[in-house]
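Here are the chains, one letter per residue:
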Amino acid sequence: MMPARRSTTILANLVTWGLVLLISFPLIWMVVTSVRPQTELFQIPPTVIPRAITFEHYIKLLEETPFLRYFMNSMILATSTTIVVIVVGTLGAYSLVRFSYRGRETLAALVLFTYLLPSVVLIIPLYLMMVKLGLANTLTSLVIAYTTFALPYALWLLRSFMAGVPEDLESAALVDGASRMGAFVDVILPQALPGIISTALFTFILAWNEYLYALVMVNSDQARPLTTGVMNMLITSFNIEWSLLMAASVMMSIPLIIIFAFLQSYLTRGFGAGGVKG
Amino acid sequence: MTIAASQHRTQNPLERRYALLGVLLIAPTVLILCAVIVYPLISAIYLSLFSIYTPTLKGSWVGLDNYVQVFGSSGFWSALGTTVTWTVGTLFLQIVFGVAMALLLNQNILFRSLARSLVLFPYFVSTVVAVLIWRWLFNDLYGILSHLLIQFGVVDMPVDWLGKMPNAMASVIFVGAWKFFPFVVIAVLARLQTIPEQLYEAATIDGAGVFGRFFDVTLPQLKDVLTIVILLRTIWDFKEFDLIYLLTGGGPVNNTRTLPLIVYQQAFGLNQMGVAATYAVAMMLVMLAFMLIYLYRARRQSP
């Protein structure tokens with residue numbers, strides 16, 4: 001019994017890790033290409049392991065392209081969107097979970113519905129709205145546009161996190177004489193904090209990765225975020241420099257890598273609450 | 001607030017105040033959603049009744065002419081067909097890969113959490129990054145993919161992955177599956193961990209093999225979560241824009257042009273905003289069926 005079981009475990013390990021490596025191969029290839037000298041890139045046949053490692057592409061990316069500008073824009077954009085959405089969403093989710101008033105259930109269903117709406121339906125009126133308000137080509141227009149998907153998403157997640165806070169804790173605080181908002185700040189917020197952080201991370205990633213609204217609303221390097229900025233580098237270049245683009249891809253994934261490496265527990269928490277669902 | 005409370009003596013004044021506070025807390029959400037979703041949604045339907053030239057934004061009322069034009073054109077129907085092909089194709093691969101990977105990752109393997117993170121990464125990486133990587137892998141001269149296939153003797157010429165049919169559609173479907181299958185993995189994995197071990201033990205005693213246990217125990221237990229996953233992914237794949245637009249731009253010769261791409265093309269390429277809005281509304285009508293089924297199921301599950 002024992003040897004047979006061991007051999008199946010080894011087989012399971014081999015098959016699983018083989019597939020995992022196959023799935024991550026494109027990502028490994030991205031990193032490999034980004035640190036490979038230009039001369040090695042175009043040799044035929046290509047080798048899998050680079051013979052020399054260089055950071056010339058990263059230096060070129062930072063010094064000779066508007067990459068840093070795009071990076072800053074994306075940072076400002078994703079951070080602002082997250083702050084707006086988390087503040088509004090936390091209050092809203094608290095209201096949806098712990099208060100009763102007419103139309104509450106309908107509202108919750110509508111929130112879910114809005115999250116399923118395709119962006120292409122909203123984008124034309126939103127674009128017209130931004131032009132009318134004089135906000136076209138600004139980061140503000142993108143923050144506004146991003147709330148269309150980020151707010152319903154965050155609300156849905158926060159709602160399930162807040163529902164998980166035991167109601168007794170809040171009642172106890174109220175009996176002790178705390179006001180409703182006092183209990184919210186002292187009891188609900190600390191209890192739901194891991195969930196709020198998790199929601200903030202997911203919202204940040206959504207905003208960081210968004211492409212379509214950025215494509216339509218912003219048409220100048222001043223306000224262009226990373227997604228459309230890097231794509232523009234591909235389209236406008238006469239000679240496509242793949243190693244430069246791969247270096248840009250790696251840099252663009254840095255926030256994600258940080259979240260995956262250090263904040264994994266928050267991601268997993270989000271999965272439990274339907275983070276990928278909503 | 002005291003006035004409001006005294007007017008409703010029948011209700012507990014504290015409850016009345018709480019309800020008011022509740023409404024106050026949700027008010028910012030409702031206002032924002034009205035401004036950025038409800039108003040644009042109604043506006044999109046309204047715009048679909050106009051003929052608007054994008055650069056000047058001048059429009060004239062045409063009533064239902066846009067709808068007659070859209071539903072009468074072969075463009076809409078072929079794009080709908082393309083959208084369905086893409087959705088069904090990529091969804092099928094996502095489900096098969098996703099369930100298989102979840103079953104594997106549910107076993108006791110070395111460095112399980114690392115393996116899980118690596119599998120999830122494609123889902124969280126930006127579509128722009130995913131597309132750049134794959135266009136580099138697909139590159140006709142220096143792409144590693146064609147090169148490996150030549151080396152292993154599968155083909156003897158570099159493959160044109162994105163420039164001709166049916167390769168382009170197959171490539172888009174495959175990259176879509178790579179990008180989105182981790183969603184299925186996460187959802188199924190979470191459910192797998194809650195299946196009681198006794199069910200498997202009982203099935204083993206009854207003489208069920210590996211496949212027997214999968215079809216008799218695992219699959220029935222996964223039915224609910226798979227239904228939700230399929231509904232959600234159908235909706236999301238149907239409206240996917242970034243991946244297809246960036247990989248092929250709808251080409252070659254509109255062969256991978258799905259409905260979201262037509263909307264974008266009409267509005268910002270052909271400068272026909274009214275017609276674009278019509279396409280968008282028509283597309284939403286097609287999706288509505290799936291959205292309503294999902295809403296119905298989601299509400300039934302969460303009390």
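Residues numbered from 1 in each chain as written. Chains lettered and ligands numbered in written order. Predicted model: local features only at pLDDT ≥ 70, side-chain atom pairs only at ≥ 80, totals over all residues. Heavy atoms only, no water.

Okay, the overall build of chain B next. The number of helices and strands found in chain B is 13 helices and 2 strands. Against the globule reference of 19 Å for 303 residues, chain B gives a C-alpha radius of gyration of 25 Å, more extended than a compact globule. Expressed along its principal axes, the backbone C-alpha trace of chain B runs to roughly 80 × 60 × 30 Å. A total of 303 residues make up chain B; the buried ones form 51% of that total. Across chain B, contacts joining residues at least 24 apart in sequence account for 67% of those joining residues at least 6 apart. (Helix = DSSP H or I, 4+ residues; strand = E, 2+ residues; numbered from the N terminus. Rg over C-alpha atoms; globule rule 2.2 N^0.38 Å. Buried < 20%, exposed > 50% of the residue type's maximum accessible area, 1.4 Å probe, protein only. Contact = heavy atoms within 4.5 Å.)

Okay, the nonpolar core next. With 197 residues, the main nonpolar core has Tyr146(A), Tyr213(A), Leu132(B) and Tyr294(B) as its most contacted residues. The biggest single contributor to this core is helix 7 (residues 139–163) of chain A, with 16 residues. Contacts of Tyr213(A), omitting those with residues within four sequence positions, involve Ser119(A), Leu122(A), Ile123(A), Leu126(A), Leu142(A), Ala145(A), Tyr146(A), Thr148(A), Phe149(A) and Val218(A). (Core = buried A, V, L, I, M, F, W, Y, C linked by side-chain atoms within 4.5 Å.)

Attention now moves to the packing of aromatic side chains. A complete count under the given rule lists 39 aromatic pairs over all chains for this structure. Consider the rings of Tyr94(A) and Phe99(A), whose centres lie 5.3 Å apart with planes at 85°: the pair is edge-to-face. With relative accessibility at 2%, the residue Phe99(A) sits in the buried group. Taking the centre distance of 6.5 Å and the plane angle of 80° together, the rings of Tyr123(B) and Phe180(B) count as edge-to-face. Taken together, the positions of Tyr123(B) in helix 5 (residues 112–124) and Phe180(B) in helix 8 (residues 167–192) put the pair 57 residues apart, joining distant regions of the chain. You'll find Tyr123(B) and Phe180(B) in the same group, each marked buried. (Phe/Tyr/Trp six-rings, centres within 6.5 Å; stacked < 30°, edge-to-face > 60°.)

By volume, the largest pocket amounts to about 1,400 Å³. In terms of lining residues, the largest pocket is bounded by 26 residues, among which Leu103(B), Gln107(B), Tyr200(B), Val210(B) and Arg213(B) are the most central. At the level of secondary structure, the elements contributing two or more residues to the lining of the largest pocket comprise helix 1 (2–34) of chain A together with helix 4 (74–105), helix 9 (197–205) and helix 10 (210–238) of chain B. The element that contributes the greatest number of residues to the lining of the largest pocket is helix 1 of chain A, accounting for 7 residues. Here the lining of the largest pocket is built from residues that sort into 14 nonpolar, 8 polar and 4 charged. (1 Å grid on protein atoms, 1.4 Å probe; cavity = no way out; pocket = protein on both sides within 12 Å on 5 of 7 lines; lining within 4 Å. Points joined across faces, edges and corners; volume = space filled by probe spheres on them. Nonpolar A, V, L, I, M, F, W, Y, C, P; charged D, E, K, R; others polar.)

On the side of chain A, 86 residues touch chain B, which itself brings 87 residues to the contact. Among the residues chain B hides against chain A, the three largest losses belong to Phe124(B), Leu132(B) and Trp136(B). Together they make up 10% of the total. Summed over the shared surface of chain B and chain A, the result is 0 salt bridges. One can count 8 residue pairs in polar contact (both at pLDDT 80 or more) joining chain B with chain A. Take the side of chain B that touches chain A: its biggest share by element is 21 residues, from helix 2 (residues 13–47) of chain B. Tallied by class, residues from the side of chain B that touches chain A come to 73 nonpolar, 10 polar and 4 charged. (Buried area = accessible area lost by both parts, 1.4 Å probe. Salt bridge = Lys/Arg side-chain N within 4 Å of Asp/Glu carboxyl O. Polar contact = N/O pair within 3.5 Å; in protein donor to acceptor, adjacent residues only side chain to side chain.)

Quick look at the side chain of Thr83(B) now. All names here are of chain B. Secondary-structure assignment places Thr83 in helix 4. On the basis of relative accessibility, which here comes to 0%, the residue Thr83 falls in the buried class. Here Leu259 takes part through its backbone nitrogen, which lies 3.1 Å from a polar atom of the side chain of Thr83.

The next point concerns the confidence of the model for chain A. Per-residue confidence for chain A gives a mean pLDDT of 87, with 94% of residues at or over 70. Across chain A, element-level confidence peaks in helix 4 (residues 67–98) of chain A with a mean pLDDT of 95 and bottoms out in helix 14 (residues 264–272) of chain A with 73. (pLDDT = per-residue confidence, 0-100.)

What follows covers the domain arrangement of chain B. All names here are of chain B. Per the domain assignment, the segments of chain B are domain 1 (2–47) and domain 2 (78–301). Once you take the C-alpha centre of each, domain 1 and domain 2 turn out to be 39 Å apart. At the interface, 4 residues of domain 1 touch 4 residues of domain 2. Buried surface at the junction of domain 1 and domain 2, summed over both partners, amounts to about 290 Å²; 84% is from carbon and sulfur atoms. Joining domain 1 to domain 2, the criterion identifies 0 salt bridges. If you look at where domain 1 meets domain 2, you find 0 residue pairs in polar contact (both at pLDDT 80 or more). (Domains from an automatic or database assignment.)

Attention now goes to the pairing of strand 2 (residues 58–61) of chain B. As defined by bridge partners, strand 1 (residues 50–53) of chain B adjoins strand 2 of chain B across 4 bridges and the pair is classed as antiparallel. Each residue of the ladder has a partner; that of Tyr53(B), found in strand 2 of chain B, is Lys58(B). (Pairing = 2+ DSSP bridges.)

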